[in-house]
Each structure stands twice: as structure tokens, then as C-alpha cells.
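# What the coordinates show
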Amino acid sequence: MCLGSIPNNFSGYAYILKYASGKTCCQMLTIDCRDVEGIMHELAVHVAEHMGAVPAIKIREFVVSPFDDDDTLDSALATDVIRKYLESIGESRNFAILADGDRVNIHSINGKTITQNTSSKLDMFSCPHCGFVTSYEVEYNAHKRIHYL
Ligand SMILES: [Zn+2]
């Protein structure tokens, strides 16, 4: 799927070949969640899990980067994973997912947005080992244990 990152000794020609071939690999991907803020954390964990990547939560967007610095992420795959997630919660008809370089934008089609649940904003638990984020302490404690197996 991915051709891998650009080698240190790459020639300009090889670079052009790779990017002209329609590949959509990036060092990291930024997922713009301004229209779906309410599910951003769940979506970040889901995308990271399915892509074998590390999520980092920002304001109204999140970033996923590969575990291995030499790896790349495919924005087409990210788009697919996000679409399936929206389908699973019955929201796929309301949003368009557009990949643009290393950004993936989730846009409301009809003006409907999924807003942040203010109560969950207060208590976010983030795993120091992998960036897993949850608003439930029980879930967080259960998750942390996987690193100590
Ligand atoms: Zn973790």
C-alpha cells in the first residue's frame, strides 16, 4: 500500500515518480474534526488502532503518526477508516470526508454537526504510553494494564 518513506539518497526523479503515481502516503496525518468534535476522541482512538498509528489530540483536530519514524500513513486508508466509523454510528450520510495532502477534513454536508459533550470535556484520561484517550477512568485503568502484561 505504502512505498515507504523517501530514502536519504533519493533523486528528484524518484521523488516525482512516487508522488506522480497517486500514492497518498504521509509522515503524519492531521484529521480536522471541527464538525464532529463530540466524537473526536473516540474517532482518534479508532483511526489510530486501525492504522497502527499513534494519536495526538489537539483542539478540534487530531494527528496520527506512525509508531516507526520510517513508516508512512496512507490518507486514503484514513478516509476509509473514518467513513466506516461514521457508518457504524449512523452518521455517514451527514458528513463528507476529504483528503487533501496530509490533512483529512470531515465536513458536515447538511449543516448538522456532532458537538462536544461538555461533561466529558472535564475528565479526559490519556495514556502516557501510547496516547490512548478516554473520558472513563475505569476504561483508562483497564487500558493501562495492557502495557504491563
Ligand atoms: Zn496505552
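Structure shown above.
A brief report on the enclosed structure follows. Bear in mind the structure is a predicted one, so any value in this text is a computation, not a measurement.

### Looking at the overall build of the chain
Looking only at helices and strands, one finds five helices and nine strands in the chain. Reading the chain from its N terminus to its C terminus gives the helix and strand order α-β-β-α-β-β-β-α-β-β-α-β-β-α. Residues classed as buried in the chain amount to 26% of the 149 residues present. Across the chain, contacts joining residues at least 24 apart in sequence account for 55% of those joining residues at least 6 apart.

### Considering the nonpolar core
In terms of nonpolar packing, the biggest core is built from 29 residues, with Ala44, Val47, Met51, Val64, Leu73, Ala78 and Ile82 touching the most fellow members. Broken down by secondary-structure element, the contributors of at least two residues to this core are β1 (25–26), β2 (29–32), α2 (40–51), β4 (61–66), α3 (75–88), β6 (95–100) and β7 (103–108). Per-element accounting of this core gives the leading share, seven residues, to α2. In contact with Met51, other than residues within four places in its own chain, are Val64, Leu73, Leu77, Ala78 and Val81.

### Structural notes on the environment of Cys33
Within the secondary structure, Cys33 sits in the loop between β2 and α2. On the basis of neighbour counts, which here come to 25 C-beta atoms within 10 Å, the residue Cys33 falls in the buried class. Cys33 sits 80 residues away from Thr113 along the chain, and the two C-alpha atoms are 9.9 Å apart. Excluding residues within four positions of it along the chain, Cys33 makes contact with Met40, Leu43, Arg60, Glu61, Phe62 and Ile106.

### Quick word on the environment of Glu42
Locating Glu42 in the fold gives a position in helix α2. C-alpha separation for the pair Glu42 and Tyr85, spaced 43 residues apart in sequence, amounts to 9.6 Å.

### Description of the sheet that holds β6
What the five strands build is an open sheet, ordered β3-β4-β2-β7-β6; its pairing is mixed. Looking at the sheet topology across the chains shown, the edges are occupied by β3 (53–57) and β6. For this sheet the average axis-to-axis angle between neighbouring strands, irrespective of direction, equals 20°. The sheet contact formed by β2 and β4 spans four bridges and is antiparallel. Bridging from a neighbouring strand, Asp32 pairs with Glu61 of β4. On top of the sheet, α2 reaches β2, β3 and β4; it is set at about 160° to β3, its chief contact. Packing against the sheet, α3 makes contact with β2, β6 and β7, and its axis sits at approximately 170° to β6.

### Points about the pairing of β2
Inspection of the sheet shows β2 paired to β7 by three bridges, in the parallel sense. Within the sheet, the bridge partner assigned to Ile31 lies in β7 and is Val104.

What counts, and where the lines are drawn
Residues numbered from 1 in each chain as written. Predicted model: local features only at pLDDT ≥ 70, side-chain atom pairs only at ≥ 80, totals over all residues. Helix = DSSP H or I, 4+ residues; strand = E, 2+ residues; numbered from the N terminus. Buried ≥ 20, exposed ≤ 12 C-beta atoms within 10 Å, placed from the backbone. Contact = placed C-beta atoms within 7 Å. Core = buried A, V, L, I, M, F, W, Y, C linked by C-beta atoms within 7 Å. Pairing = 2+ DSSP bridges. Axes fitted to C-alpha atoms, helices over the stretch in contact; angles between N-to-C directions.

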